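Overview (structure and organization)
The chain contents come next:
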2 protein chains.
Amino acid sequence: MNTRDTLATELNVLANFNPVVPESYKDAKVVMLGNLHPSVQMAVIKQIPVRPKLVALDTMNFWMDNTLPELMEVIAKIDVITINDEEARQLSGEYSLVKAAQKIQEMGPKYVVIKKGEHGALLFNDDNVFFAPALPLEEVFDPTGAGDTFAGGFIGHIARTGDISFENMKRAVIAGSNLASFCVEKFGTERMENLTFKEIQERLLQFKLLTQFDIELS
Amino acid sequence: MNTRDTLATELNVLANFNPVVPESYKDAKVVMLGNLHPSVQMAVIKQIPVRPKLVALDTMNFWMDNTLPELMEVIAKIDVITINDEEARQLSGEYSLVKAAQKIQEMGPKYVVIKKGEHGALLFNDDNVFFAPALPLEEVFDPTGAGDTFAGGFIGHIARTGDISFENMKRAVIAGSNLASFCVEKFGTERMENLTFKEIQERLLQFKLLTQFDIELS
């Protein structure tokens, strides 16, 4: 088979994975669609009988390149999209991330999270914008999984609090950045397996110290 | 002349510029050494009879490549250095900006400001670190002069307040980022010439909204 055929076969395999949402999950208030074939993401959406309070989606350039029509259909149905800066530019055709986020909001999701790796993450909603830095680390051992960990921390905070206001979405972006900062410290999932709640809370304080300032507004 | 000779001549011309500090400036509490030949920067330092409260220095890779010994002598005498991320890596030999800032502090300056362009700026002092984002803009028209404008805003805030605490240094980094965000909106100095204090204050509020979050620490 040539490369195109191989790719087509792989896409079919990926598209034919048929996720079954367990009965006990069907009343989920918050749904996070991981970075898979958009047909798989759509299959999950269709199995939830009552529209969840919030549906978030993670995706990547691979699906934009190969399954754009299906991806656009899913994007039209969700509330939050998390993608990196290059993907935001590709999806929107805009270089400016501000303009890119505006265009992506027109495609469906009211909240656009643009991940910039070591440069942090931006959250857009209408005219609101929030920026969460990545914690400056002495050493980044392995960045694999940082994006997924960010998404997990983000949606975990929303699910735990049940609050989908912009103010709380900001906290969710910080929660995601916080977890991702641990993920990269060791290989694979190693750091996450032994992570304690105390460590997370302590690093949250570091995020506050890193970004909070007091300045007079006259 | 070959390239090496041309460069040597240019360096001589730059080194032989002899800045004369006016009498009325010799009691300056705060001195900002712009990005010039380190011999010129040193000549300014030597003309100030009483050690200022704070001496800041801006430099770049060109001086690291061509005049490193002279540059290191100046760096040993100053309090704040402002450089970009690649220059911090070059000067320190460390990829991690956290480690780079530690090494640079050992060279002299207690405060290290690392400018990351559209990705913001980091301020390091001992174990303290502060991050100021760049304001996400719809359009960056011309980035020329953004670094100099940042330095001007930074040192202007310090000079105006006379406060060299870390808390106030954080505000100075925000003040610099604020001014730089205007600089890039038009060509050359055009935007700065017509900038009003009201516009600066309004954008300061945007910086607050962009970065401030409230999160429970249990």
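Here is a short report on the structure shown in this document. Keep in mind the model is a prediction, meaning the values are calculated, not measured. (Residues numbered from 1 in each chain as written. Chains lettered and ligands numbered in written order. Predicted model: local features only at pLDDT ≥ 70, side-chain atom pairs only at ≥ 80, totals over all residues.)

**Here we look at the interface of chain B and chain A**
Each side of the interface is counted separately: chain B has 27 residues, and chain A has 28 residues. Residues of the side of chain B that touches chain A, tallied by class, amount to 16 nonpolar, 6 polar and 5 charged. (Contact = placed C-beta atoms within 7 Å. Nonpolar A, V, L, I, M, F, W, Y, C, P; charged D, E, K, R; others polar.)

**Things to note about the nonpolar core**
Ranked by size, the top nonpolar core spans 108 residues in total, and within it Leu123(A), Val173(A), Leu123(B) and Val173(B) carry the most contacts. Here Val173(A) is in contact with Val113(A), Ala121(A), Leu123(A), Phe130(A), Ala132(A) and Phe154(A), once residues within four sequence places are set aside. (Core = buried A, V, L, I, M, F, W, Y, C linked by C-beta atoms within 7 Å. Buried ≥ 20, exposed ≤ 12 C-beta atoms within 10 Å, placed from the backbone.)

**Observations concerning the pairing of strand β1 (residues 30-33) of chain A**
All names here are of chain A. In β1, alternate side chains face the same way, and those of Val30 and Met32 on one face and Val31 and Leu33 on the other are all buried. Strand direction decides the pairing type here: β1 and strand β2 (residues 54-58), joined by 4 bridges, are parallel. The residue bridging Val30 from the neighbouring strand is Leu54, located in β2. (Helix = DSSP H or I, 4+ residues; strand = E, 2+ residues; numbered from the N terminus. Pairing = 2+ DSSP bridges.)

**Concerning the sheet that holds strand β4 (residues 111-115) of chain B**
Residue and element names in this part refer to chain B. Spatial strand order, β1-β2-β3-β4-β5-β6: 6 strands in an open sheet with mixed pairing. A single partner strand is all that each edge strand has here, and the edge strands are β1 (30-33) and β6 (128-132). Each neighbouring strand pair of the sheet contributes to a mean axis angle of 15 degrees, computed without reference to strand direction. Pairing analysis gives 3 bridges linking strand β2 (residues 54-58) to strand β3 (residues 80-84), with the strands arranged parallel. Bridged to Asp58 within β3 is Thr82. (Axes fitted to C-alpha atoms, helices over the stretch in contact; angles between N-to-C directions.)

**Quick word on the packing of helix α2 (residues 38-47) of chain B against helix α4 (residues 68-75) of chain B**
Residues and elements named next belong to chain B. Where α2 meets α4, the axes come as close as 8 Å, and the angle between the chain directions of the two elements is 30 degrees. Between α2 and α4, the interaxial angle falls into the category roughly parallel. The way α2 lies across α4 gives a crossing that is left-handed. Contacts from Pro38, Ser39, Gln41 and Met42 in α2 reach Glu70, Leu71, Glu73 and Val74 in α4. Residues belonging to the contact of α2 with α4 are distributed by class as follows: 4 nonpolar, 2 polar and 2 charged. (Parallel < 35°, antiparallel > 145°, perpendicular 65-115°, else oblique. Left-handed = near helix turned anticlockwise from the far one by under 90°.)

**Concerning the pairing of β2(A)**
Residue and element names in this part refer to chain A. The buried fraction of β2 is high, at 5 of 5 residues. Of the two faces of β2, both are covered, the one formed by Leu54, Ala56 and Asp58 as well as the one formed by Val55 and Leu57. Assessed by its sense of winding, the connection that carries the chain from β1 through helix α2 (residues 38-47) to β2 is right-handed. (Right-handed = clockwise from strand over helix to strand, strands pointing away.)

**A word on the relation of the copies chain B and chain A**
Once turned by 180 degrees and shifted 0.0 Å along the axis, chain B lies on chain A with an RMSD of 0.0 Å. Here the copies are linked by what is in effect a two-fold axis. Here 100% of the interface residues in chain B have copies in chain A that are interface residues too; the copies meet face to matching face. (Least-squares fit on C-alpha atoms with pLDDT ≥ 70 in both.)

**Section: helix α8 (residues 166-183) of chain B**
In this model, α8(B) (18 residues) spans 26 Å end to end at C-alpha, consistent with the 26 Å of a helix rising 1.5 Å per residue. Extensive coverage of α8(B) is indicated by the burial of 15 of its 18 residues. (Expected span 1.5 Å × (residues − 1).)

**Here we look at the environment of Gln90(B)**
The residue Gln90(B) is located in helix α5 (residues 85-92) in this model. Not counting residues within four places of it along the chain, the set of residues in contact with Gln90(B) comprises Asn61(B) and Met64(B).

**Here's the deal with α2(A)**
Residues and elements named next belong to chain A. Looking only at α2, the buried set comprises Pro38, Gln41 and Val44. Angularly, the buried residues of α2 cover 115 degrees about the axis, an arc narrow enough to put them on a single face. Buried residues belonging to α2 abut β1, β2, α3 (61-66) and α4 (68-75). (Arc of directions from axis to C-beta.)

**Overview of the packing of α5(B) against helix α6 (residues 97-107) of chain B**
Residue and element names in this part refer to chain B. In the contact formed by α5 and α6, the axes pass within 9 Å of each other and the chain directions differ by 55 degrees. As summarised for this structure, α5 and α6 are arranged oblique, according to the angle between their axes. At the point where α5 passes α6, the crossing takes the left-handed sense. Contact with α5, carried on its side by Asp85, Ala88, Arg89, Leu91 and Ser92, involves Leu97, Ala100, Ala101, Lys103 and Ile104 of α6 and no other residues of that element.

**Topic: the sheet that holds strand β3 (residues 80-84) of chain A**
All names here are of chain A. Here we have 6 strands laid out as an open sheet, ordered β1-β2-β3-β4-β5-β6, and mixed in their pairing. Looking at strand neighbours, the two that pair on one side only are β1 and β6 (128-132), the edges of this open sheet. Within this sheet the neighbouring strands show an average axis-to-axis angle of 15 degrees, counted without direction. Judged from the 5 bridges that link them, β3 and strand β4 (residues 111-115) form a sheet pairing that is parallel. What sits directly across from Asn84, in β4, is Lys115.

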